[in-house]
Amino acid sequence: MNLPTLSALALALGALSSTVLAQAAVTGAPELAQPAKAVPTQTPHKKMDRLVIQGLASKLPSGWTPTAPSNSMRVAQFEVSAGAGAQSGELVAYFFAPRQGGGHEANIGRWASQFTGAQGKPVTPKVSTSKHGSTEVTLVELQGNYARGVGMGPAGDAKPDQALLTAMIETPVGRITLQMHGSVKTVAAHRARFLNFAKGFRPA
């Protein structure tokens, strides 16, 4: 084959290759298309400096990271940083309109029924009430073996050395209920922050 023939063949192959590439760009051929960008599985939670519930707000302390609420009853949910030598805990916020959510005595009895002490004995809750502006805060503290549930009595296996800190905050628009639970060390490490947070709700 002479040189002019080879040159003509090369030009023809080049033109064919250009045609294939152009068609691939138009049709989106997989082997030549741009790689697809990864789509996030969920939207990251924005950093929050306060929690607003029904027009009332309180400043969030450090060490609480917002997470997606695990059910529709929860208006907010946070992971609480671990105390020394312990695991992280959880803080959950609920809101109940007036005349909803049950009475204080019934709720305290239900939470206490999920705790047992040494040799399976009942645990007596520590309860205190205080006024803060237009809100009244009832604080309930429990400690022992804890089988967290939604009804009376334990649900599943109890975890030892657990604590539950609950604040029932009566406001002009309804009740805000905050619950922090986790290991005794973790809850103790955040107790003062929890109290300041529960007592700090004011009009946003």
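About the criteria used
- Residues numbered from 1 in each chain as written.
- Predicted model: local features only at pLDDT ≥ 70, side-chain atom pairs only at ≥ 80, totals over all residues.
- Heavy atoms only, no water.
- Helix = DSSP H or I, 4+ residues; strand = E, 2+ residues; numbered from the N terminus.
- Buried < 20%, exposed > 50% of the residue type's maximum accessible area, 1.4 Å probe, protein only.
- Contact = heavy atoms within 4.5 Å.
- Areas by Shrake-Rupley, 256 points an atom, 1.4 Å probe, with all protein chains shown as cover.
- Polar contact = N/O pair within 3.5 Å; in protein donor to acceptor, adjacent residues only side chain to side chain.
- Core = buried A, V, L, I, M, F, W, Y, C linked by side-chain atoms within 4.5 Å.
- Salt bridge = Lys/Arg side-chain N within 4 Å of Asp/Glu carboxyl O.
- Pairing = 2+ DSSP bridges.

S.K.: Is there a simple way to think about the overall build of the chain in this case?
M.R.: If you tally the helices and strands in the chain, you get three helices and 11 strands. Beginning at the N terminus, the succession of helices and strands in the chain can be written as α-β-β-β-β-β-α-β-β-β-β-β-α-β. Across the 204 residues in the chain, those meeting the buried criterion constitute 35%. Summarising the internal contacts of the chain: among those between residues at least 6 apart in sequence, 54% fall at separations of at least 24. Accessible surface, the chain as shown: approximately 12500 Å² in total, 58% of it carbon and sulfur.

S.K.: Looking at this model, I keep getting lost on the side chain of H181. Mind explaining?
M.R.: Tracing the backbone shows H181 in strand 10 (residues 174–183). Owing to a relative accessible area of 15%, H181 belongs among the buried residues under this scheme. Within the structure, H181 has its side chain in polar contact with the side chain of E90 (distance 2.8 Å).

S.K.: Looking at this model, I keep getting lost on the nonpolar core. Mind explaining?
M.R.: Soluble, globular proteins show a tendency: their nonpolar side chains are buried together. With 25 residues, the main nonpolar core has L51, W64, I169, L178, M180 and F194 as its most contacted residues. Of all the elements in the fold, those that place two or more residues in this core are strand 1 (50–53), strand 4 (76–80), strand 5 (89–96), strand 8 (135–146), strand 9 (159–171), strand 10 and helix 3 (184–199). Sorting elements by how many residues they give to this core places helix 3 first, with five residues. I108, V123, L164 and M168 belong to the second largest nonpolar core, which has 10 residues in total.

S.K.: What is the right way to look at the pattern of salt bridges in this model?
M.R.: A side chain of one charge can pair with a side chain of the opposite charge when the charged atoms of the two come close. Inspection of every chain in the model, using the stated rule, returns three salt bridges. For R191, the salt bridge is made with E141, and the minimal N-O distance between the two is 2.9 Å. Pair noted here: R191 is in helix 3 and E141 is in strand 8, with a separation of 50 residues, a long-range link. Note on R191: relative accessible area 30%, which makes it partly exposed.

S.K.: In this structure, what is going on with the pairing of strand 1? I would like to understand it.
M.R.: Regular strands have side chains that alternate between both faces of the sheet. Only one face of strand 1 is covered, namely the face carrying L51 and I53; the face carrying R50 and V52 is uncovered. Relative to strand 2 (residues 56–59), strand 1 is paired through four bridges, and the arrangement is antiparallel. Counted as the bridge partner of R50 is K59 from strand 2. Connecting strand 1 to the next strand, strand 2, in antiparallel fashion are two residues, including Q54 with a positive phi near 50°.

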